[in-house]
Amino acid sequence: METVKKETQKKVTKAEKGRTIPIMDIYQASYLALKKHEPSLSKQAGRVVFEFSGTEEMKLLMKNYNQNPTIKILDYVGHLRRLRAMMVGMRK
């Protein structure tokens, strides 16, 4: 039974490997970073875009963010400040 689960997980991972979700909202990106999903940053048309993997877990977290979850605010603000610093660093 466990072998089947591992094989299924590998197939899903390979299928999702190339997909990314671009996010321009630093607040949503900070929430996702708080939930242990670090973005890669890219510059598109003069704007910094946060790119996350396109997994099902990521889609569920994005849905959860829009439902106004309860979070540890100081941890969230720390992630927000760190992402903002990275964003400003890319703009220069």
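Residues numbered from 1 in each chain as written. Predicted model: local features only at pLDDT ≥ 70, side-chain atom pairs only at ≥ 80, totals over all residues. Heavy atoms only, no water.

Draft legend 1. View of the pairing of strand 2 (residues 40-44). As defined by bridge partners, strand 2 adjoins strand 3 (residues 47-53) across five bridges and the pair is classed as antiparallel. Counterpart to Gln44 in the pairing with strand 3 is Arg47. Here strand 2 folds back onto strand 3, and the loop between the two strands holds two residues, one of which, Ala45, carries a positive phi near 55 degrees. (Pairing = 2+ DSSP bridges. Helix = DSSP H or I, 4+ residues; strand = E, 2+ residues; numbered from the N terminus.)

Draft legend 2. Representation of the nonpolar core. Residues Leu32, Phe50 and Phe52 are the most contacted members of the largest nonpolar core, which totals 19 residues. Those elements that provide at least two residues to this core are strand 1 (20-23), helix 2 (26-34), strand 3, helix 3 (56-65) and helix 4 (73-91). (Core = buried A, V, L, I, M, F, W, Y, C linked by side-chain atoms within 4.5 Å. Buried < 20%, exposed > 50% of the residue type's maximum accessible area, 1.4 Å probe, protein only.)

Draft legend 3. Region of interest: the packing of helix 2 against helix 3. The interhelical angle for the contact between helix 2 and helix 3, taken along N-to-C directions, is 125 degrees, at an axis separation of 10 Å. Relative to helix 3, the element helix 2 is oriented oblique. Considering how the two elements wind past one another, helix 2 and helix 3 form a crossing that is right-handed. Side by side, helix 2 and helix 3 meet where Tyr27, Gln28, Tyr31 and Leu32 of the first sit next to Met58, Leu61, Met62, Asn64 and Tyr65 of the second. For the contact of helix 2 with helix 3, the residue count by class is seven nonpolar, two polar and no charged. (Axes fitted to C-alpha atoms, helices over the stretch in contact; angles between N-to-C directions. Parallel < 35°, antiparallel > 145°, perpendicular 65-115°, else oblique. Left-handed = near helix turned anticlockwise from the far one by under 90°. Contact = heavy atoms within 4.5 Å. Nonpolar A, V, L, I, M, F, W, Y, C, P; charged D, E, K, R; others polar.)

Draft legend 4. Spatial organisation of the sheet that holds strand 1. Across the sheet, which stays open at both edges, the three strands sit in the order 1-3-2 with antiparallel pairing between neighbours. This sheet does not close on itself; its edge strands, each paired only once, are strand 1 and strand 2. Neighbour-to-neighbour, the strand axes of the sheet open up by a mean angle of 35 degrees, direction not taken into account. The sheet contacts of helix 2 involve strand 1 and strand 3, and relative to strand 3 the element is tilted by about 35 degrees. Relative to the sheet, helix 4 contacts strand 2 and strand 3, its axis offset from that of strand 2 by approximately 40 degrees.

Nothing here speaks to function; it is all geometry.
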